[in-house]
Amino acid sequence: MKFLAAAITTLTLMTSSATQAEGTKMLDDVRMVAPALEKYTQGTLLGDVWKRPGLSARDRSIVTIAALIARNQAIEMPFYFNLALDSGVKPREISEVITHLAFYSGWANAMLAVTAAKNVFAARNIGSDQLPAASPSLLPIDEAAEAQRATRVEQQFGAWVPGVVQYTTDILFRDLWLRPDLAPRDRSLVTVSALIAAGQVAQIPYHLGRAMDNGLTQPQAAEAITHLAFYVGWPNVFSALPVAKEVFEKRPR
Amino acid sequence: MKFLAAAITTLTLMTSSATQAEGTKMLDDVRMVAPALEKYTQGTLLGDVWKRPGLSARDRSIVTIAALIARNQAIEMPFYFNLALDSGVKPREISEVITHLAFYSGWANAMLAVTAAKNVFAARNIGSDQLPAASPSLLPIDEAAEAQRATRVEQQFGAWVPGVVQYTTDILFRDLWLRPDLAPRDRSLVTVSALIAAGQVAQIPYHLGRAMDNGLTQPQAAEAITHLAFYVGWPNVFSALPVAKEVFEKRPR
Amino acid sequence: MKFLAAAITTLTLMTSSATQAEGTKMLDDVRMVAPALEKYTQGTLLGDVWKRPGLSARDRSIVTIAALIARNQAIEMPFYFNLALDSGVKPREISEVITHLAFYSGWANAMLAVTAAKNVFAARNIGSDQLPAASPSLLPIDEAAEAQRATRVEQQFGAWVPGVVQYTTDILFRDLWLRPDLAPRDRSLVTVSALIAAGQVAQIPYHLGRAMDNGLTQPQAAEAITHLAFYVGWPNVFSALPVAKEVFEKRPR
C-alpha cells in the first residue's frame, strides 16, 4: 500500500490517515477479486488521471463526488469525501454540493450522501460552525438573464405544468443557485458533472454553457469530461461528447 | 422535530409512530451535514409540495414509492412506505407496485423494495391475508386495443426479437396489467412515474397516453410531474416535459 | 423451496449449496411481500426464460451479472455470481467482467461488484491462482480496424477533448479489450448488456456490431435482449429494440 500512499500524497497538500485507511481497505478488497482493477486504480486512475495538469485535485474532487452522488454510489463516498477535504474542498462546500444535488439528482441521492458525509464529518470533528447557514444572505442575481430564462420556460411549459415552472424560478434560480457557500462556477461544475454522470444529455447544452459563463474554461471542461469517463463509464461520456463539442464550437474562443 | 410531526400530520388522517421515527432519524442526519437541505425537506417538500391540492397524498405516495423503486433507492423506502400506508395506500397495492416494477424497472429493483417493505409490513403486523393472491381472477381485457398493440409490436420487432414480443403479450398485457389489486389508473401512474424517474423518455408517450385513457387527468399528470422533480431530479423532469406536453396537446381537452 | 431447487438444477450441471441458500433466502423475503413476484420469479424467470434454448445458462449468467454491475445492484449479486460459477463461468472471467465494467459502467460499479464477488470467492476457496494476472500477454490486435476506429474518434473529438481520445486508445482498445482471460465475444456480450441495462442507446450500434463481428449470432443477441427485459426492465429493452433492429437489418444474414 506504499504505492497508494505515494499516489495520493502527491495529489494533495495533506493526505489524512482517514483517506489512506479508506483507500487501503478498498484496494485490499479489489486485489482479492481483480488484480488488474487494482493496477488500473493505482496506476492509471490515481497515478495518472488525477495528476493531469488541466484540472486541480480540488476540482477533480468536486467532479468525483458530484458523480458519485448523482449515481447514488455510497461505496466510494468515504474515500472521496476524505480526499476532497484533503484537497481543499471545504466542509461547507461539500454540504452545498449535497443540497444542490437534491434538486439536480433527486432527494434520495442527497440523503444517501448525507449518511456518508455525516460519518466523515464526525471523524474529523467538523461541527455545525463549519456548515452553511440554512438561510444565508444570497448572492446578487443577474435579473436580465434570469428573466429571459424564466420567460422561455414559462412559454414552453407554463400552461401545462405550472408547478414545475414555479418551483424552478422560486426555489432553484432565485434561491438555490444564489446560496453563497459554493461559487457559481463550482455549482455549475457540479451540475454538469451530475448531468453527464446520469446520462442526461438533453440538459447538457444549457448547463455547460452556463458553466462557461460562470468561468469554467474549455480546457477545464474537457479535463472534467476526461476525468468523468472513469467514474461514470465511457458510454456516458461518449454520449455527452457530441453535445459538448457543439457547445464548445458555438462559443468565441 | 415538532415541525416534522406537524407537517406530516396535516398530510394524512393518521400519522403512525413508525413514519415519525423514520422521518426524525432522516432529518437528524441531514441537520449534521446540510442545514439547508433540512429546511428544504421540511419547508418546501413536506410542508408545501406534498400539500398542493392537485394530487392527493395517496397518489403522491404512489408516485414517490414508484420513483424510489425505479431508482433503486432503499434509503428513503422505510419512511415513504410508512407514509404511503398512513396515506391510504393498501398493503396489497404496495405489493402490486413492487411486482409491477419488477417488469418495468428490473427484477433487482423489485427485490430491493421487497427487503424494505418486508420490515415495514412486519412492524405493522401485515400478514399474507393482506397481500394479493399469486394468481387471482384477472380484470377483463379490452381485446380490440390489445390486439392493436400486439400487432404493432409484432410487426416492428417480431421477426427479430420474438421472445420479447411473446412475453410482452403473454406476461405483461394479458396477465400483469390485469391483476385486480392495483387499479389500472394507479398502475399507469406507477409506470409513468418510473419512466420519468429513470429518464426513459422514449417510452413516455405510449404510457402517458394509456394513463390518461385509464383516468389520470391532465392536471393530475402535471402535479405528478411537479412532485417527481424533487424525487428524481430536475433534469429527468425537464427531459420528460417536451414529450409530456406533446401528449397533452394531442388529446381533446 | 423444492421448486427452486428443481428450477435451478435443470439449468446447470452442478447447483451449489451456496446458490440454493441465496435463492431460498431471496424467495423467502419475496413471499412475505409479493406472492405474485415469487410466482413470476420461479415460474416465468427461472423456470422458463433461463431455459429457452437460444442462449446457454453460461451466457445468460454473463448477461445477468453484467446487467447487475451496470445498474449497481448488489442485492442479487451473491445469488447470480454463484449461479454463474455453477453454470461454467470461470472465476477469472467474472474478474475480467468486473474490470471491464469499471470502464464501461463506472469505477464505483466495479468496486461494489468487488465487495460481493469477494465473499462468493472466499466461500468457495477461490484464491489468487484462479484470478487473471494484472498484466498478462495481450491478444493480438487487428491494427487496420483499430486504426480506423482511432482515426474516426480523433477526427470527431481529438481537438476538443484530447484526454478521452488518448485513454480510449491506450487503455481501452490497446489494453483492456486485448486482455486474454475473457474472450472478445464475451467481452462484447458484457458491453452490450451493460449498455442496454443503463439505457445508453446511442452507444449500442457500434458495440452490437462489434459483438456480432466477434461471433455473437443474431439469434443469440435476440435472446440476450429477451433475457435482459426481466433484469433491466421492459422500457430499457424497448428503447434498445429500434437501434438493435437497425443493426440486424444492415448485416448480411
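Draft legend 1. Molecular detail of the overall build of chain A. For chain A, the count of helices and strands is 13 helices and 0 strands. Ordered by position in the sequence, the α and β elements of chain A form the string α-α-α-α-α-α-α-α-α-α-α-α-α. The C-alpha radius of gyration of chain A comes to 19 Å, within 12% of the 18 Å expected for a compact globule of 253 residues. Judged by the C-alpha coordinates and their principal axes, chain A covers about 60 × 40 × 30 Å. Across the 253 residues of chain A, 64% fall into the buried class.

Draft legend 2. Molecular detail of the relation of the copies chain A and chain B. Of the transformation placing chain A onto chain B, the axial shift is 0.0 Å and the rotation is 120 degrees, giving an RMSD of 0.0 Å. Look at the turn and shift together and you get a three-fold axis relating the two. Counting the interface residues of chain A, we find that no more than 2% of their copies in chain B are interface residues as well, pointing to two distinct contact surfaces.

Draft legend 3. Here's a closer look at the interface of chain A and chain B. On the chain B side, the residues contacting the 44 residues of chain A number 45 residues. On the chain A side of the contact with chain B, A:Trp107, A:Trp160 and A:Tyr167 bury the most area, a combined 23% of that side's loss. Our count for the chain A to chain B interface comes out at 1 salt bridge. Here B:Asp29 and A:Lys118 are joined by a salt bridge, their closest N and O atoms 3.2 Å apart. Where chain A meets chain B, there are 19 residue pairs in polar contact (both at pLDDT 80 or more). No other element matches the 11 residues that helix α7 (residues 107-123) of chain A contributes to the side of chain A that touches chain B.

Draft legend 4. Here's a closer look at the interface of chain A and chain C. Each side of the interface is counted separately: chain A has 45 residues, and chain C has 44 residues. For the pairing of chain A and chain C, the buried interface totals around 4,000 Å² over both sides, and the portion due to carbon and sulfur atoms is 68%. The largest contributions to the chain A side of the interface with chain C come from A:Val33, A:Tyr40 and A:Trp234, which together make up 18% of the buried area. In this structure, the connection of chain A to chain C is made through 1 salt bridge. Our count for the chain A to chain C interface comes out at 19 residue pairs in polar contact (both at pLDDT 80 or more). Looking at which element gives the most residues to the side of chain A that touches chain C, the answer is helix α13 (residues 234-250) of chain A, with 11 residues. Taken together, the residues of the side of chain A that touches chain C sort by class into 26 nonpolar, 9 polar and 10 charged.

Draft legend 5. Up close: the confidence of the model for chain A. Here chain A shows a mean pLDDT of 95. Residues at 70 or above account for 98%. Prediction confidence for the complex, expressed as pTM and ipTM, is 0.97 and 0.96 respectively.

Draft legend 6. Region of interest: the relation of the copies chain A and chain C. Take chain A, turn it by 120 degrees, move it 0.0 Å along the axis, and it overlays chain C with an RMSD of 0.0 Å. Each copy contacts the other with its own distinct surface, as only 2% of the interface residues of chain A are interface residues in chain C too.

Draft legend 7. Representation of the environment of B:Asp129 in the model. All names here are of chain B. Along the chain, the position of Asp129 falls in the loop between α7 (107-123) and α8 (143-157). For Asp129, a relative accessible area of 67% corresponds to the exposed category. Here the alpha-carbon distance between Asp129 and Val63, two residues 66 residues apart in the chain, equals 25 Å.

Draft legend 8. Here's a closer look at helix α9 (residues 162-173) of chain A. In this model, α9(A) (12 residues) spans 16 Å end to end at C-alpha, consistent with the 16 Å of a helix rising 1.5 Å per residue. Of all the residues in α9(A), the buried ones are A:Gly163, A:Val164, A:Val165, A:Tyr167, A:Thr168, A:Thr169, A:Ile171, A:Leu172 and A:Phe173. Close packing links the buried residues of α9(A) with α6 (91-104), α8 (143-157) and α11 (204-213) of chain A together with α3 (35-46), α12 (218-232) and α13 (234-250) of chain B.

Draft legend 9. A look at the pattern of salt bridges. In total, this model carries 57 salt bridges over all chains according to the counting rule given. With a closest N to O distance of 2.8 Å, A:Arg124 and A:Asp86 form a salt bridge. Here A:Arg124, found in the loop between α7 and α8, pairs with A:Asp86, found in helix α5 (residues 77-86); they are 38 residues apart in sequence, far enough to count as distant. One salt bridge connects C:Asp28 with C:Arg31, and the closest N-O pair in it is separated by 3.2 Å. Of this pair, C:Asp28 and C:Arg31 are both found in helix α2 (residues 17-33), 3 residues apart, which corresponds to roughly one turn of the helix.

Draft legend 10. Region of interest: the packing of aromatic side chains. Per the stated rule, a full pass over the model turns up 45 aromatic pairs over all chains. Centroid distance A:Phe103 to A:Trp107: 5.1 Å. Interplanar angle 80 degrees. Geometry classified as edge-to-face. For the pair A:Phe103 and A:Trp107, a shared accessibility class is recorded, and that class is buried. Seen in terms of ring centroids, A:Trp234 and C:Phe103 are 5.9 Å apart; in terms of plane orientation they differ by 55 degrees. Their pairing is tilted. Here A:Trp234 is found in helix α13, whereas its partner C:Phe103 is found in helix α6 (residues 91-104) on a different chain. Residue classification places A:Trp234 among the buried positions, given a relative accessible area of 3%. A residue is classified by how much of its surface remains accessible, and C:Phe103, at 0% relative accessible area, is buried. Put simply, the rings of A:Tyr40, A:Phe230, A:Trp234, C:Phe103, C:Trp107 and C:Tyr167 pair up and form one aromatic cluster. Between the NZ or CZ atom of A:Lys39 and the centre of the ring of A:Tyr40, over which it lies, the distance is 4.9 Å.

Draft legend 11. Fine view of the side chain of A:Asn82. Within the secondary structure layout, A:Asn82 lies in helix α5. Here A:Arg124 takes part through its side chain, which lies 2.8 Å from a polar atom of the side chain of A:Asn82.

Draft legend 12. Geometry of the packing of α8(B) against helix α9 (residues 162-173) of chain B. All names here are of chain B. Packing of α8 against α9 leaves a shortest axis separation of 9 Å and a crossing angle of 165 degrees. Taken together, the axes of α8 and α9 are roughly antiparallel relative to one another. With respect to the hand of their crossing, α8 and α9 are arranged in right-handed fashion. Seen from α8, the contacting residues are Glu146, Arg149, Ala150, Val153, Glu154 and Phe157; seen from α9, they are Pro162, Val165, Thr168, Thr169 and Phe173. Its residues assigned to classes, the contact of α8 with α9 shows 6 nonpolar, 2 polar and 3 charged.

Draft legend 13. A look at helix α6 (residues 91-104) of chain B. Compared with the 20 Å implied by 1.5 Å per residue over 14 residues, the 20 Å span of α6(B) between its first and last C-alpha is a close match. Where α6(B) terminates, the next one or two residues include B:Gly106, which has phi positive at roughly 120 degrees.

Draft legend 14. A look at the packing of helix α4 (residues 57-70) of chain B against helix α10 (residues 184-197) of chain B. All names here are of chain B. Remark: α4 packs on α10, axes separated minimally by 8 Å, with the N-to-C direction vectors making an angle of 45 degrees. Compared by their axis directions, α4 and α10 come out oblique. When the axes of α4 and α10 are compared, the crossing they make is right-handed. Contact residues: Arg58, Asp59, Ile62, Val63, Ala66, Ala67 and Ala70 in α4; Arg185, Asp186, Leu189, Val190, Ser193, Ala194 and Ala197 in α10.

Draft legend 15. Fine view of the environment of A:Arg149. Residues and elements named next belong to chain A. Mapped onto the elements of the fold, Arg149 is located in helix α8. Note on Arg149: relative accessible area 5%, which makes it buried. Taking the C-alpha atoms as reference, Arg149 lies 39 Å from Leu45; in sequence the two are 104 residues apart. Every residue in contact with Arg149, bar those within four places of it in the chain, is listed here: Thr168, Thr169, Phe173 and Tyr206. Polar contacts involving the side chain of Arg149 include one to the side chain of Glu146, which spans 2.8 Å.

Rules of the game
Residues numbered from 1 in each chain as written. Chains lettered and ligands numbered in written order. Predicted model: local features only at pLDDT ≥ 70, side-chain atom pairs only at ≥ 80, totals over all residues. Heavy atoms only, no water. Helix = DSSP H or I, 4+ residues; strand = E, 2+ residues; numbered from the N terminus. Rg over C-alpha atoms; globule rule 2.2 N^0.38 Å. Buried < 20%, exposed > 50% of the residue type's maximum accessible area, 1.4 Å probe, protein only. Least-squares fit on C-alpha atoms with pLDDT ≥ 70 in both. Contact = heavy atoms within 4.5 Å. Buried area = accessible area lost by both parts, 1.4 Å probe. Salt bridge = Lys/Arg side-chain N within 4 Å of Asp/Glu carboxyl O. Polar contact = N/O pair within 3.5 Å; in protein donor to acceptor, adjacent residues only side chain to side chain. Nonpolar A, V, L, I, M, F, W, Y, C, P; charged D, E, K, R; others polar. pLDDT = per-residue confidence, 0-100. Expected span 1.5 Å × (residues − 1). Phe/Tyr/Trp six-rings, centres within 6.5 Å; stacked < 30°, edge-to-face > 60°. Lys NZ or Arg CZ within 6 Å of the ring centre and 35° of its normal. Axes fitted to C-alpha atoms, helices over the stretch in contact; angles between N-to-C directions. Parallel < 35°, antiparallel > 145°, perpendicular 65-115°, else oblique. Left-handed = near helix turned anticlockwise from the far one by under 90°.

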